[in-house]
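Inside the fold
What follows is the residue order along each chain.
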Amino acid sequence: MKILAIDTSTDETSVAVTEGQHIVSNVISSQVRYHKKFGGVVPMLAARLHGERIDSVVELALQRAKFSLDEIDAVAVTYGPGLAPALQVGINKAKELAVKVPLYAVNHMRGHIASAFSGKHEMQFPFLAVLVSGGHSELVLVEKWGSFEILGETLDDALGEAYDKVGRMLGLGYPAGKLIANLAAKGNAEAYDLPVPMLRGDTLNLSYSGLKNACRLLVKAEEPLTATKIADIAASFERVAQESLYRKVKLIVKDRPEIKQVVLAGGVSANTALRKRLRQLGKEFGYELVVPANLKLCTDNAAMIGIAAYFDIQAGAMPVDPTVIDRNPGLRLD
Ligand code: KG4
Ligand code: ZN
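Below: a short report on this structure. (Residues numbered from 1 in each chain as written. Chains lettered and ligands numbered in written order. Predicted model: local features only at pLDDT ≥ 70, side-chain atom pairs only at ≥ 80, totals over all residues. Heavy atoms only, no water.)

Details of the site of ligand 1
Put simply, the rule reads: To be near a molecule or strand, a residue needs just one of its heavy atoms within 4 Å of it. What qualifies as a polar contact is a pair of N or O atoms within 3.5 Å, subject to a donor-acceptor requirement within protein and to the restriction that residues adjacent in sequence count only when both atoms come from side chains. In these tables, accessible area is a Shrake-Rupley quantity obtained with a 1.4 Å probe, and a residue counts as shielded only by the protein chains included in the view. Working definition: helices are DSSP H or I runs of at least four residues, strands are E runs of at least two. Numbering for both runs from the N terminus. The residue classification treats Ala, Val, Leu, Ile, Met, Phe, Trp, Tyr, Cys and Pro as nonpolar and Asp, Glu, Lys and Arg as charged. All others, Gly included, are polar.
Neighbouring ligand 1 are 19 residues; G134, D164, G177, G267 and N271 lie closest to it. Here an oxygen atom of ligand 1 and a side-chain polar atom of D164 are 2.7 Å apart. At 3.0 Å from a nitrogen atom of ligand 1 is found a side-chain nitrogen or oxygen belonging to N271. Compared with its free state, where it exposes 560 Å², ligand 1 has 88% of that area covered by protein. Elements with a contribution of two residues or more to the shell around ligand 1: helix 4 (108–114), helix 5 (159–169) and helix 6 (177–186). Looking at the shell around ligand 1 residue by residue, the class counts come to five nonpolar, eleven polar and three charged.

Remarks on the sheet that holds strand 1 (residues 2–7)
To keep it simple, the criterion reads: Strand pairing is assigned whenever DSSP identifies at least 2 bridges connecting the two strands. Whenever a helix is involved, its axis is fitted only over the stretch in contact; in every case the axis is a line through C-alpha atoms, and angles between N-to-C directions fall within 0 to 180 degrees. By definition, residues are in contact when any of their heavy atoms lie within 4.5 Å.
Read across the sheet, five strands follow the order 3-2-1-4-5 without closing on themselves; strand pairing throughout is mixed. Strands with a single pairing partner mark the edges of an open sheet, and in this sheet they are strand 3 (22–30) and strand 5 (103–107). Within this sheet the neighbouring strands show an average axis-to-axis angle of 20°, counted without direction. Its contacts with the sheet place helix 10 (residues 303–314) against strand 1, strand 2 (12–19), strand 3, strand 4 (74–80) and strand 5, and it is angled at close to 125° to strand 1.

Details of helix 6
Our working definition: Here's how the labels work: a residue is buried when its accessible area is under 20% of the maximum for its type, exposed when over 50%, partly exposed in between, all with a 1.4 Å probe on protein chains only.
What helix 6 keeps buried is the set I180, A181, L183 and A184. The elements touched by buried residues of helix 6 are helix 5 and helix 8 (227–255).

Description of unusual backbone geometry
Of note, the amide linkage connecting Y174 to P175 takes the cis form, showing an omega dihedral of -10°. Backbone geometry at K66 places phi at a positive 60°, although glycine is not the residue there. When you line up the elements, K66 lands in the loop between helix 2 (43–65) and strand 4. One non-glycine residue, M198, adopts positive backbone phi at about 55°. Here M198 is to be found in the loop between helix 6 and helix 7 (209–222). Accessibility expressed as a relative area gives 24% for M198, which makes it partly exposed.

Topic: the packing of helix 7 against helix 8
Applicable threshold: Any angle between 65 and 115 degrees counts as roughly perpendicular, while under 35 counts as roughly parallel, over 145 as roughly antiparallel, and the rest as oblique. Two helices cross in a left-handed way if the nearer one is turned anticlockwise from the farther one by less than a right angle. They cross in a right-handed way if the turn is clockwise.
Here helix 7 crosses helix 8 at 165°, and the two axes come no closer than 11 Å. With respect to helix 8, the axis of helix 7 lies roughly antiparallel. The crossing of helix 7 and helix 8 is right-handed. Across the interface between the two elements, L211, C215, L218, V219 and E222 of helix 7 pack against K229, I233, F237, V240 and A241 of helix 8. Counted by class, the contact of helix 7 with helix 8 contains eight nonpolar, no polar and two charged residues.

A few points about the coordination of the zinc ion (ligand 2)
Note the threshold: Coordinating donors are taken to be N, O and S atoms lying within 2.8 Å of the metal, or within 3.2 Å when the metal is Na, K or Ca; because water is excluded from the atom set, some sites may appear incomplete. Sites are called tetrahedral only when four donors show all angles between 85 and 135 degrees, square planar or octahedral only when four or six donors show opposite pairs over 155 degrees and all other angles between 65 and 115, and irregular in any remaining case.
Those donors, H108 (NE2), H112 (NE2) and D300 (OD), are the protein atoms that reach the zinc ion (ligand 2), and they lie 2.1 to 2.2 Å from it. Coordination at the zinc ion (ligand 2) is irregular: its four donor atoms span angles of 92 to 141° at the metal. The sequence pattern formed by the donor residues of the zinc ion (ligand 2) is H-x3-H-x187-D. Highlighted residues: H108 in helix 4 and D300 in the loop between strand 10 (288–290) and helix 10, separated in sequence by 192 residues. Comparing H108 with D300 shows no difference in burial state: the two are buried.

Quick word on the nonpolar core
For the record, the criterion: Each nonpolar core is a collection of buried residues, namely Ala, Val, Leu, Ile, Met, Phe, Trp, Tyr and Cys, held together in the definition by side-chain atoms within 4.5 Å.
In this structure, L128, V130, F237, L245, V249 and L278 are the most contacted members of the largest nonpolar core, which totals 46 residues. Only strand 6 (127–132), strand 7 (137–144), helix 5, helix 6, helix 7, helix 8, strand 9 (261–265) and helix 9 (272–285) provide two or more residues apiece to this core. When residues in this core are grouped by element, the largest group, eleven residues, is from helix 8. The residues contacting F237, other than those within four sequence positions of it, are A162, Y163, V166, I180, L194, L211 and C215. Counting residues in hydrophobic clusters, the runner-up holds 34 residues, among them Y104, L131, V263 and L297.

Side note on the sheet that holds strand 6
Here five strands make up an open sheet; going across it, the order is 8-7-6-9-10 and the pairing mixed. Single-partner strands in this sheet number two, and they are strand 8 (147–153) and strand 10. With strand direction ignored, the average angle separating the axes of adjacent strands in the sheet is 25°. As judged from the three bridges shared by strand 9 and strand 10, these two strands associate in the parallel manner. Each residue of the ladder has a partner; that of V262, found in strand 10, is L289. Across the face of the sheet, helix 8 comes into contact with strand 6, strand 7, strand 8 and strand 9 while running at roughly 165° to strand 6.

Below, the structure written as structure tokens:
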């Protein structure tokens, strides 16, 4: 079954063609340079840019897949979570394209989980999904496809958002995740003593606003910043931010020896240090760390939506009526 998938949930206009878990094409048109000067994504600007680009991105995705629209068996589109006006652009286009074929509405976060299972990688239930992006930080127990239990989630900022905000304080560009990670690799992670968030008790929730504020005070105290100080702050922030997540994952896998896979997905899953730590933990607790096959699949893309639609269909999902499909900006996994 050939699926044409669309994701316009935030600032990437993306269209893909997938067949089962196989990615035939995956076109991503990033708007990041337009949002850069605002230090974050501006919803109406995102919607306008999606509108300007969507037709050519659809065309390119079909062209790269070497398929015509007539050869497509179904259309899948993200209906949430995301920015309402941005989601709407993708939904409108999907409705237009799905006149003769079924239309499937896909949860963007299911897409992030599915992003780790492109190609031939098989899911082994139950598994833990560690979803860390600019908008979400969630620890999800997946009993089977469609049965998602959020064991813990951030009470305030997402992990990627914390990277971006601390990056801004350090005068780095947006998004700052990769820039901080690169600096952190050169800095001294023990240079500054920052508070590890949500350390006490056995809560599985996360929180990054306290750490962000601690970084703000640290930056102020260390001004004027030098290159060394910036690298040391980046490294210390990264160590502490990841330590918190690492400890929660450890609590979960310790408690549930039946977990044989931990899926790390979302934009922050591109982070090498985080992968390394969670892979190491896997050796101790007997799980395989599954990450998306390439960096393009870590951040927002439509191929993951096509694969999620395939899993949804296998689990019995029915097509939606194009006249009633609606965006759901606050859609949850559970
Ligand atoms: O999943 P994504 O593309 O968009 C959302 O749905 O939010 O994630 C983007 C986030 C940004 O906050 C970015 O700073 C972060 O992922 N990110 C990273 C890295 N690459 C991207 N964070 C840490 N290390 C990285 N290497
Ligand atoms: Zn995302």
